[in-house]
Amino acid sequence: MISPFPEARLHPVSVRADAMTASFHFPAGHPCFTGHFDDDPILPGVVHVALAIATGAACGIDRPLAGLRQLRFVAPIRPDETVEVTLHTSGDVRTARFEVRHATGVASSGTLLFAPDAGGTDHV
Amino acid sequence: MSDLSWRLPHRGPALLISTVDAVSATGVTATARVPAAHPLHDAGSVPAFLGIEIGAQAAALHESPAPSDAARDIAGQPRRGRLVRVRDVAFDAPALPVDTPLQVTATLHGSAPPVAIYTIELRHGDRRLMHGEITTHRGTEDDDR
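Structural notes, computed from the coordinates. (Residues numbered from 1 in each chain as written. Chains lettered and ligands numbered in written order. Predicted model: local features only at pLDDT ≥ 70, side-chain atom pairs only at ≥ 80, totals over all residues. Heavy atoms only, no water.)

### Quick look at the interface of chain A and chain B
Contacts between chain A and chain B engage 26 residues on the former and 23 residues on the latter. Summed over both partners, the interface of chain A with chain B comes to about 2100 Å²; 65% of that surface belongs to carbon and sulfur atoms. For the pair chain A and chain B, the number of links is zero salt bridges. At the junction of chain A with chain B, the criterion picks out seven residue pairs in polar contact (both at pLDDT 80 or more). Every element with two or more residues in the side of chain A that touches chain B is listed here: helix 1 (45-58) and strand 3 (65-73) of chain A. Top element by residues in the side of chain A that touches chain B is strand 3 of chain A. It accounts for nine residues. The class makeup of the residues in the side of chain A that touches chain B is 15 nonpolar, five polar and six charged. (Contact = heavy atoms within 4.5 Å. Buried area = accessible area lost by both parts, 1.4 Å probe. Salt bridge = Lys/Arg side-chain N within 4 Å of Asp/Glu carboxyl O. Polar contact = N/O pair within 3.5 Å; in protein donor to acceptor, adjacent residues only side chain to side chain. Helix = DSSP H or I, 4+ residues; strand = E, 2+ residues; numbered from the N terminus. Nonpolar A, V, L, I, M, F, W, Y, C, P; charged D, E, K, R; others polar.)

### A short note on the pairing of strand 1 (residues 17-24) of chain B
The side chains of a regular strand alternate, first on one face of the sheet and then on the other. Residue and element names in this part refer to chain B. Pairing geometry for strand 1 and strand 2 (residues 27-32), over six bridges, is antiparallel. The residue of strand 2 that forms the bridge with Ile-17 is Ala-32. Here strand 1 hands over to strand 2 after two residues, the two strands then running antiparallel side by side. (Pairing = 2+ DSSP bridges.)

### Remarks on helix 1 (residues 50-63) of chain B
Between its first and last C-alpha atoms helix 1 of chain B spans 20 Å; for 14 residues at 1.5 Å apiece the expected length is 20 Å, and the two agree. Across the 14 residues that make up helix 1 of chain B, a large majority, 13, are buried. (Expected span 1.5 Å × (residues − 1). Buried < 20%, exposed > 50% of the residue type's maximum accessible area, 1.4 Å probe, protein only.)

### Let's talk about the pairing of strand 7 (residues 115-124) of chain B
Residue and element names in this part refer to chain B. By the bridge criterion, nine bridges tie strand 6 (residues 102-112) to strand 7 in an arrangement that is antiparallel. Bridging from a neighbouring strand, Gln-103 pairs with Arg-123 of strand 7. Linking strand 6 to strand 7, which pair antiparallel, is a turn of two residues. Of the strand pairs in this sheet, strand 7 and strand 8 (residues 127-137) are connected by 10 bridges, and their pairing is antiparallel. Bridged to Glu-121 within strand 8 is His-131. In textbook terms, the turn of a hairpin is the stretch between consecutive antiparallel strands, and for strand 7 and strand 8 this stretch comprises two residues, one of which, Gly-125, has a positive phi near 65 degrees.

These figures come from the coordinates and say nothing about function on their own.
Pasting the structure below:
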C-alpha cells in the first residue's frame, strides 16, 4: 500500500504495543484542499482513511486494504490544522481501528479491514 | 465549467463525476473519472477507497435540487452536504484507474431528511471495483456560512 502525504507527516511516530500515533499538518494550499471547496476548504473524508493507512505504513504495516467496516465523520479538518492519527492494532491482524483527532477532539474514527495474508500466517 | 457546477460544489481535481446518466426517485447512475491531477494519484491509479468519495458525489447529485433560491446557500452556491458515515465497504480491486470512465450507482436505501442512506457501487465495465453503504447529511440553512 502506497503511503501518501509523506511531506505532511510530522516526526516522531509514537509506537506502543497496541497502537501507533502519527501527526500530520496540511498547510493552506495543500493539493488535498483544491476544489474541496473553493470558498470553504476542508479535508476530503477519504483523506482521513489515507492518514490512517499512512500511519500504519510508517510503522511497517503494508497489507492491502480489503474494506472498511465502518467510518464515522464528526468534524471537518481545515487548512493549517495539525491532526493526530492513532491506529489501534490487536491480535486480529486483519482489522485496525483508527481515530483522527484535532484540537477540539475527534474528527473521525473507523475500522480498517486488511486482506488476509497470502501465506496463510494470519492468526488471532 | 462543467454543467454539474450548479449541482456539486466540487471543483478542479476534486470533482470526480463527469456526467449524470440516469436519475430516478430511487437513485442515480453516473459516469465518473478520476483526473490525473488528483492528489492521491500515483503511477496511473488511486486507492480504491476514493470510490467512497465518488459514491458520495453521486449521492449528492441525487439530492441536488433544481435551481432555485431556496436550494442554495446565501452565496448562491449549491448547498453543501456532508458524508457522515460509511459502512460495510468492500474493495473488489486494490486501486482505481485515473482518466478512465467508471460507472457509479447510488441507490437510495432510506431517508429521514436531511439524512439519507445510499448503497453505492463502482464498476469498470463488467468488473465491480467497490461497493458499500454511505450516510449523507444534506446541508440546511443552519450550515450556511
